[in-house]
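A look at the structure
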Amino acid sequence: MDYKQFDSLCRELIIAYKKITDEACYTTETKATEAMVLNLEKELQVKLPGPVRSFFTDYTAGAEMRVFLPDEFCDKLPGEFEEIFSACFILSINEMKEAEISRRFWIETCFADEENEYDRVWYNKLGLMTVETGDIIALDIGADPENPPVVYLSHDGGEAHGYVLGKDFESYILNLVKAGACGQEDWQMMPFMEDKESGIDPDCENAEAFRRIIGFDIIDLADSDDTV
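What comes next concerns the included structure. (Residues numbered from 1 in each chain as written. Predicted model: local features only at pLDDT ≥ 70, side-chain atom pairs only at ≥ 80, totals over all residues. Heavy atoms only, no water.)

1. Considerations on the packing of aromatic side chains
To keep things clear, this is the line we draw: Stacked, edge-to-face and tilted are the three classes for Phe, Tyr and Trp ring pairs, Trp counted by its six-membered ring, which pair at centre distances within 6.5 Å; planes under 30 degrees apart are stacked, over 60 edge-to-face, the rest tilted. Helical segments are the DSSP runs of H or I of at least four residues, strand segments are the runs of E of at least two, and each set is numbered from the N terminus. Throughout, exposure labels follow a simple rule: accessible area from a 1.4 Å probe, protein chains only, divided by the maximum for the residue type, with under 20% read as buried, over 50% as exposed, and the rest as partly exposed.
With the rule as written, the count across this model stands at 15 aromatic pairs. Their ring planes at 80 degrees and their centres at 6.0 Å tell us that Y3 and F55 sit as a pair that is edge-to-face. A residue pair is termed long-range when its members are at least 10 positions apart, and Y3 in helix α1 (residues 3-18) and F55 in helix α3 (residues 50-59) qualify at 52 residues. On the accessibility criterion, F55 (0% relative accessible area) is buried. With a centroid separation of 5.3 Å and an interplanar angle of 80 degrees, the aromatic rings of F55 and Y59 are classed as edge-to-face.

2. Observations concerning a negative patch on the surface
The line we're drawing: Patch membership is restricted to residues that have no salt bridge and whose relative accessible area is over 30%. Joining uses 9 Å for like charges and 5 Å for the nonpolar side chains Val, Leu, Ile, Met, Phe, Trp and Tyr. Under the convention used here, a 1.4 Å probe and the Shrake-Rupley method define accessible areas, while residue burial counts only the protein chains that appear. A pairing counts as a salt bridge when a side-chain nitrogen of Lys or Arg comes within 4 Å of a carboxyl oxygen of Asp or Glu. By the counting scheme adopted, Arg and Lys are positive, Glu and Asp are negative, and His together with the chain ends is not counted. Lys charges are placed at NZ, Arg charges at CZ, Asp charges at CG and Glu charges at CD.
A cluster of acidic side chains, namely E80, E82, E83, E194, D195, E197, D201, D203, E205 and E208, defines a negative patch on the protein surface. The topology assignment puts E82 in the loop between α4 (71-74) and β3 (89-92). Under the relative-accessibility criterion, E82 is labelled exposed at 55%.

3. A few points about the nonpolar core
Taken as a class, soluble globular proteins show a tendency for nonpolar side chains to be buried jointly. Condition: Only buried residues count toward a nonpolar core. Its members are Ala, Val, Leu, Ile, Met, Phe, Trp, Tyr and Cys residues joined through side-chain atoms within 4.5 Å.
By size, the foremost hydrophobic cluster in this structure holds 64 residues, and its most contacted members are F55, F89, L128, I137, Y172 and F192. Here the element with the most residues in this core is α1; it accounts for 8 residues.

4. Here's the deal with the pattern of salt bridges
The final tally for this structure, using the stated rule, is 8 salt bridges. Two residues, R11 and D7, come together in a salt bridge whose shortest N-O distance is 2.7 Å. Remark: D7 and R11 occur in helix α1; sequence separation between them is 4 residues, near one turn of the helix. Under the relative-accessibility criterion, R11 is labelled partly exposed at 33%. A network of salt bridges, in which partner residues are shared, links E34, E41 and R53.

5. Re the side chain of Q184
Rule in force here: Polar contact is defined as a pair of N or O atoms within 3.5 Å, subject to the rule that within protein one atom must be able to donate a hydrogen and the other to accept it, and that residues adjacent in sequence are counted only when both atoms are side-chain atoms.
As for its placement among the helices and strands, Q184 is situated in the loop between α7 (169-178) and α8 (186-189). By relative accessible area, which is 12% here, Q184 ends up buried. For Q184, the side chain forms a polar contact with the main-chain oxygen of T130, separated by 3.2 Å.

6. Here we look at the sheet that holds strand β5 (residues 136-139)
Basically, it comes down to this: The criterion for strand pairing is that DSSP finds at least two bridges linking the strands in question. Comment: axis = line fitted to C-alpha atoms, over the contacting stretch for helices; angle = value between 0 and 180 degrees taken between N-to-C directions.
What the 4 strands build is an open sheet, ordered β4-β5-β6-β7; its pairing is antiparallel. Because the sheet does not close on itself, it has two edges, and the strands there are β4 (126-130) and β7 (164-166). Across the sheet, the mean angle from the axis of one strand to that of its neighbour is 35 degrees, orientation sign disregarded. Examined bridge by bridge, β4 and β5 share 4 bridges and lie antiparallel to one another. Note on β5: the bridge partner recorded for G127 is A138.

Written out as structure tokens, the structure is:
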């Protein structure tokens with residue numbers, strides 16, 4: 001992925017949101033050192049998939065987008081977007097550690113039966129981000145340890161439990177931002193997913209409509225191996 005262009009995309013999105021609310025920011029830390037990544041792997045006792053490792057070492061040890069839309073703006077959103085109130089994500093070494101700790105906690109305390117269909121979705125994953133509701137956005141390392149899909153884990157029977165959010169890490173973060181970084185909760189992302197396997201689709205009708213509403217024009221992201 002061209003992280004320089006990805007960074008520009010995120011910052012263009014924030015410019016659009018700042019025209020709506022003052023509560024909009026995008027921040028990044030310096031790049032992670034190899035020692036930082038190795039320490040995370042040691043703590044979690046798991047090898048990070050290549051694209052995630054690259055995000056940390058070639059782009060940033062932590063990226064955070066935080067947008068909270070004002071009530072008067074949300075009240076005017078069309079019905080399909082009525083659940084969207086924010087555009088937030090945290091992709092960082094510290095957040096990933098917390099997400100994986102949380103995933104393991106939920107397995108130990110609530111989803112210990114791997115034979116149970118609902119519980120089983122929590123297994124063979126690697127936490128990526130926590131959700132304020134208690135849910136987890138995770139990497140499905142059971143499906144592919146090298147370049148895993150990103151999936152949603154609901155702790156309370158949410159409709160999107162087990163949904164694929166992106167065919168891989170890079171597709172997920174890119175499509176998430178292109179769709180307006182539509183919150184972390186499953187109900188905020190659902191308008192931009194056709195079905196359980198589609199992932200967030202930035203080219204769908206709803207994504208195009210939402211971009212028009214927030215005044216966000218996508219910049220082209222050419223395939224490239226360049227990094228910041």
